[in-house]
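Each chain, letter by letter, is given below.
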Amino acid sequence: MSDQPDTDARHLFSIREFVFPQDYPAVIALWQAAGEGIQIRRSDRLEEIQKKVQRDPDLFLLAEHQGKVIGSVMGGFDGRRGMMYHLAVALEYRKQGLATLLVEELEKRLRMKGCIRYYLLVTKDNHTAIQYYENHGWELMDLYTYAKDL
Ligand SMILES: CC(C)(COP(=O)(O)OP(=O)(O)OC[C@H]1O[C@@H](n2cnc3c(N)ncnc32)[C@H](O)[C@@H]1OP(=O)(O)O)[C@@H](O)C(=O)NCCC(=O)NCCS
């Protein structure tokens, strides 16, 4: 056995698909505790998450440690572009490569579906996340983002 300290704790975590509705309370708690970077909206209600899971059951991923949900990412693919939503890691588990593990798994799954480009939305004041994305190959697009409630 090596005397070196274990600097990569990623093997301690497991990644699995979100199970509806059992995982919903733990995931909402994770998002609520994640800070302002995750804004819980109408789309995060139980019935909306159910629609999401029916459409892309394999793109909503959780990270777990000893049975506790400690990370999430939700992907989507519409046949042309992909999306990433609600990448979040519990505060005490950050900076251990967990977000990267979740994103790598999501990207593997998006690629397998034929997705060649995907997007994310981040608020302008979320400096930690922006730094993370810019360090991990994301490019800022010079566009307005419009949205409309239906
Ligand atoms: C953004 C967020 C998801 C990143 O999660 P994370 O698990 O800390 O991310 P990672 O550990 O994969 O990477 C973060 C940094 O830790 C570093 N790191 C990874 N493993 C490490 C280790 N074993 N030791 C030291 N540093 C390590 C990474 O290199 C990375 O630094 P870099 O960006 O300079 O490359 C997290 O800060 C978060 O949940 N924020 C709140 C929610 C939010 O705002 N989400 C974004 C919504 S758009």
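Residues numbered from 1 in each chain as written. Predicted model: local features only at pLDDT ≥ 70, side-chain atom pairs only at ≥ 80, totals over all residues. Heavy atoms only, no water.

Our focus in this paragraph is the environment of Y133. Considering the arrangement of structural elements, one finds Y133 in helix 4 (residues 127-135). Residues Y133 and S72, 61 residues apart in the sequence, show an inter-C-alpha distance of 16 Å. The residues touching Y133, leaving out its near neighbours within four places in the chain, are M84, L87, L120, V122 and W138. (Helix = DSSP H or I, 4+ residues; strand = E, 2+ residues; numbered from the N terminus. Contact = heavy atoms within 4.5 Å.)

It is worth spelling out helix 4 at this point. Three or more residues of helix 4 are buried, namely A129, Y132 and Y133. The buried residues of helix 4 occupy an angular sector of 95° when projected down its axis, which confines them to one face. Turned more than 90 degrees away from the buried face of helix 4 sit H127 and N135, all of them exposed. For helix 4, the elements touching its buried residues are strand 4 (82-89), helix 3 (98-112) and strand 5 (118-120). (Buried < 20%, exposed > 50% of the residue type's maximum accessible area, 1.4 Å probe, protein only. Arc of directions from axis to C-beta.)

Before going further, it helps to spend a moment on helix 1 (residues 24-33). Within helix 1, burial applies to Y24, V27, I28, L30 and W31. Seen end-on, helix 1 carries its buried residues on one side only, within an arc spanning 155°. More than 90 degrees from the buried face of helix 1, the exposed residues found are P25, Q32 and A33. Against the buried residues of helix 1 lie helix 2 (46-55), strand 2 (60-65), strand 3 (68-77) and strand 4. Positioned one or two residues after helix 1, G35 has a phi angle of 100°, which is positive.

Any functional reading would require information beyond the geometric quantities listed.
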